[in-house]
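Analysis of the macromolecular model
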Amino acid sequence: MSASQTSDVPTLLVKIFGKDRPGITAGLFDTLAAYSVDVVDIEQVVTRGRIVLCALVTEPPSGLEGDLRATVHSWAESMKMQAEIISGRGDNRPRGLGRSLVTVLGHPLTAESTAAIAARITKIGGNIDRIFRLAKYPVTAVEFAVSGTETETLRTALVTEASALGVDIAVVAAGLHRRAQRLVVMDVDSTLIQDEVIELFAAHAGCEAEVAEVTAAAMRGELDFEQSLHARVALLKGLDGSVVNKVREEVRLTPGARTLIRTLKRLGFQVGVVSGGFTQVTDDLKERLGLDFAQANTLEIVDGKLTGRVTGEIVDRAGKARLLRRFAAEAGVPLAQTVAIGDGANDLDMLNAAGLGVAFNAKPVVRQAAHTAVNFPFLDTVLYLLGVTREEVEAADMHLGDH
């Protein structure tokens, strides 16, 4: 029976709740089958071992509704469960225009923040159609399916309040478009890895403090990146080229980085990195992590020594966005279906060019300008923003530890 055919026919909402155990769903529908009803809708939720099973079915043939009710209640009692049966007409009311998915990350996710989010959705005319938990650790992640308001309106209303509520919120359009996101491009320093690579080189050159000062100013957007890059690299002049291998060994991946990449790859994504750092490190990361794309600046080495210069195309703020577009073209993925992750001001053009830009433990100026922000120190929490559940992460990670 089509949706139009069930729009005004008599229906029964059969609700079963109690302790979950195998066979409940099969048992209920075996019981209903005896009355020649059609299934209009089904929904089942299990929380802490308690099941709520709802079945919307057409009314049975004339004279059999009372018998159906008695039989369902008797079956439920035999299963030590409770049953409720409500008469009505038709299916669920149509969802409003504007379909969005709101992902909320909390550690913890409090009742107060959840109430505030729900109230804000209602205030702008949205309706919460469904709520689904994506993960319970290392953060609590839940997804709200919302209709009745446009995605951009919803994002503006919720994301601006996220930090005040102590949660991270991402709002994306629902539908096939989201599932089609198939390219993730991320920054390297302080995103994929915990370090600033140039500072690792600087430590070997004895100029760490001077380089760190310039790096911090550049990340805050106070200095032109290209000028600051040349100034910092000049301080490395004369370093022995063997330092490259030492720096590669010193690089520390961000917790969850391997899990993020491994899960994305198993789900069919392509993954790339762009960096204002150096190919001497990103090429190694590409090989170690199985990345599809990698681009960075290149330290010039002549006669086994760093010259204090970089060669080739400079990867700066505009360059990162340009590379995102290039990677998307090579991957055959529309720009609107890409995801970019970064932490610094020089990532902003890339974050805004992507279909979803994620500020990861970012500076305030970046958090305010990006589509959404993640402020937990685990890179794999980004997966929840893509609708990937913790169970799917664990399936991809079953045989390999995140070390």
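Residues numbered from 1 in each chain as written. Predicted model: local features only at pLDDT ≥ 70, side-chain atom pairs only at ≥ 80, totals over all residues. Heavy atoms only, no water.

- In the annotation of an unreviewed UniProt entry, the entry for the protein chain reads Phosphoserine phosphatase, and the organism field reads Streptomyces albiflavescens.
- Its UniProt record gives the protein chain a comment under Sequence similarities (unreviewed entry), which states: "Belongs to the HAD-like hydrolase superfamily. SerB family."
- Taken directly from UniProt, the Pathway (unreviewed entry) text for the protein chain runs: "Amino-acid biosynthesis; L-serine biosynthesis; L-serine from 3-phospho-D-glycerate: step 3/3." (UniProt positions renumbered as here; feature names shortened; annotations may be inferred.)

1. Observations regarding the overall build of the protein chain
- For the protein chain, the helix and strand inventory stands at 17 helices and 15 strands.
- In terms of its C-alpha atoms, the protein chain occupies a principal-axis envelope of roughly 95 × 45 × 40 Å.
- The proportion of buried residues among the 403 residues of the protein chain is 48%.
- Of the contacts formed within the protein chain by residues at least 6 apart in sequence, a portion of 67% connects residues at least 24 apart.
- By element, 52% of the accessible surface of the protein chain is carried by carbon and sulfur atoms, the whole surface being about 18,700 Å². (Helix = DSSP H or I, 4+ residues; strand = E, 2+ residues; numbered from the N terminus. Buried < 20%, exposed > 50% of the residue type's maximum accessible area, 1.4 Å probe, protein only. Contact = heavy atoms within 4.5 Å. Areas by Shrake-Rupley, 256 points an atom, 1.4 Å probe, with all protein chains shown as cover.)

2. Some points on unusual backbone geometry
- In the segment running from histidine 107 into proline 108, the intervening peptide bond is cis, with an omega of 5 degrees.
- For proline 108, the position within the fold is in the loop between strand 5 (99-106) and helix 3 (111-123).
- In this model, tyrosine 137 is joined to proline 138 through a cis peptide bond whose omega is 0 degrees.
- A positive phi angle is found at lysine 80, which is not glycine, with a value near 60 degrees.

3. What about the packing of aromatic side chains?
- Within this structure, the stated rule accounts for 2 aromatic pairs.
- Each ring, one from phenylalanine 201 and one from phenylalanine 278, has its centre 5.9 Å from the other, and the planes form 85 degrees; the classification is edge-to-face. A residue pair is termed long-range when its members are at least 10 positions apart, and phenylalanine 201 in helix 7 (residues 197-205) and phenylalanine 278 in strand 10 (residues 270-278) qualify at 77 residues.
- With a centroid separation of 4.7 Å and 15 degrees between ring planes, the pair formed by phenylalanine 293 and phenylalanine 327 is classed as stacked. Taken as a pair, phenylalanine 293 in strand 11 (residues 293-302) and phenylalanine 327 in helix 13 (residues 317-331) lie far apart in primary sequence, 34 residues in all. No difference in accessibility class separates phenylalanine 293 from phenylalanine 327, as the two residues are buried.
- One Lys or Arg, lysine 15, reaches over the ring of phenylalanine 17 and ends 5.4 Å from the middle of that ring. (Phe/Tyr/Trp six-rings, centres within 6.5 Å; stacked < 30°, edge-to-face > 60°. Lys NZ or Arg CZ within 6 Å of the ring centre and 35° of its normal.)

4. Some points on the side chain of aspartate 284
- Relative to the assigned elements, aspartate 284 resides in helix 12 (residues 279-289).
- Leaving out residues up to four positions away in the same chain, aspartate 284 has contacts with Arg248 and Thr279.

5. Let's talk about the UniProt feature "active site" (unreviewed entry) in the protein chain
- In this numbering, the UniProt entry assigns the feature "active site" (unreviewed entry) to Asp187 and Asp189.
- You can see aspartate 187 is positioned in the loop between strand 9 (183-186) and helix 7.
- Overall, aspartate 187 belongs to the buried group, its relative accessible area being 4%.
- Each residue touching aspartate 187, except ones within four places of it in the same chain, is listed here: Leu192, Val274, Ser275, Lys320, Ile341, Gly342, Asp343, Asp347 and Met350.
- In terms of polar contacts, aspartate 187 uses its side chain to reach the side chain of lysine 320, at 2.9 Å.
- Here aspartate 189 shows up in the loop between strand 9 and helix 7. (Polar contact = N/O pair within 3.5 Å; in protein donor to acceptor, adjacent residues only side chain to side chain.)

6. Brief notes about the side chain of serine 113
- Within the fold, serine 113 resides in helix 3.
- Setting aside residues no more than four positions away along its own chain, serine 113 makes contact with Leu165 and Val167.

7. Some words on the packing of helix 1 (residues 24-33) against helix 2 (residues 65-78)
- One can describe the packing of helix 1 onto helix 2 by two numbers: an axis separation of 10 Å at closest approach and a directional angle of 155 degrees. It follows from the interaxial angle that helix 1 and helix 2 lie roughly antiparallel. In this structure, helix 1 meets helix 2 at a crossing whose hand is right-handed. On the side of helix 1, the interface is formed by Ile24, Gly27, Leu28, Thr31 and Leu32, while helix 2 contributes Leu68, Thr71, Val72 and Trp75.
- Considering only residue class, the contact of helix 1 with helix 2 consists of 6 nonpolar, 3 polar and no charged. (Axes fitted to C-alpha atoms, helices over the stretch in contact; angles between N-to-C directions. Parallel < 35°, antiparallel > 145°, perpendicular 65-115°, else oblique. Left-handed = near helix turned anticlockwise from the far one by under 90°. Nonpolar A, V, L, I, M, F, W, Y, C, P; charged D, E, K, R; others polar.)

8. Focus: the packing of helix 10 (residues 243-250) against helix 12
- Running from N to C, helix 10 and helix 12 point in directions that differ by 50 degrees, and their axes come no closer than 10 Å. In terms of orientation, helix 10 and helix 12 fall into the oblique class. Crossing angle aside, the handedness with which helix 10 passes helix 12 is right-handed. Along the contact surface, helix 10 presents Val244, Val247 and Arg248, while helix 12 presents Gln280, Val281, Asp284 and Arg288.
- Among the residues making up the contact of helix 10 with helix 12, the classes are represented as 3 nonpolar, 1 polar and 3 charged.

9. Focus on the pairing of strand 12 (residues 305-311)
- Pairing geometry for strand 11 and strand 12, over 4 bridges, is antiparallel. Bridged to valine 302 within strand 12 is lysine 305.
- Between strand 11 and strand 12, which follow one another and run antiparallel, lie 2 residues, and aspartate 303 among them has a positive phi close to 55 degrees. (Pairing = 2+ DSSP bridges.)

10. Focus on the environment of arginine 326
- Along the chain, the position of arginine 326 falls in helix 13.
- Residue arginine 326 is classed as partly exposed on the basis of its relative accessible area of 33%.
- Those residues in contact with arginine 326, other than ones at most four positions away along the chain, are Gln295 and Glu313.

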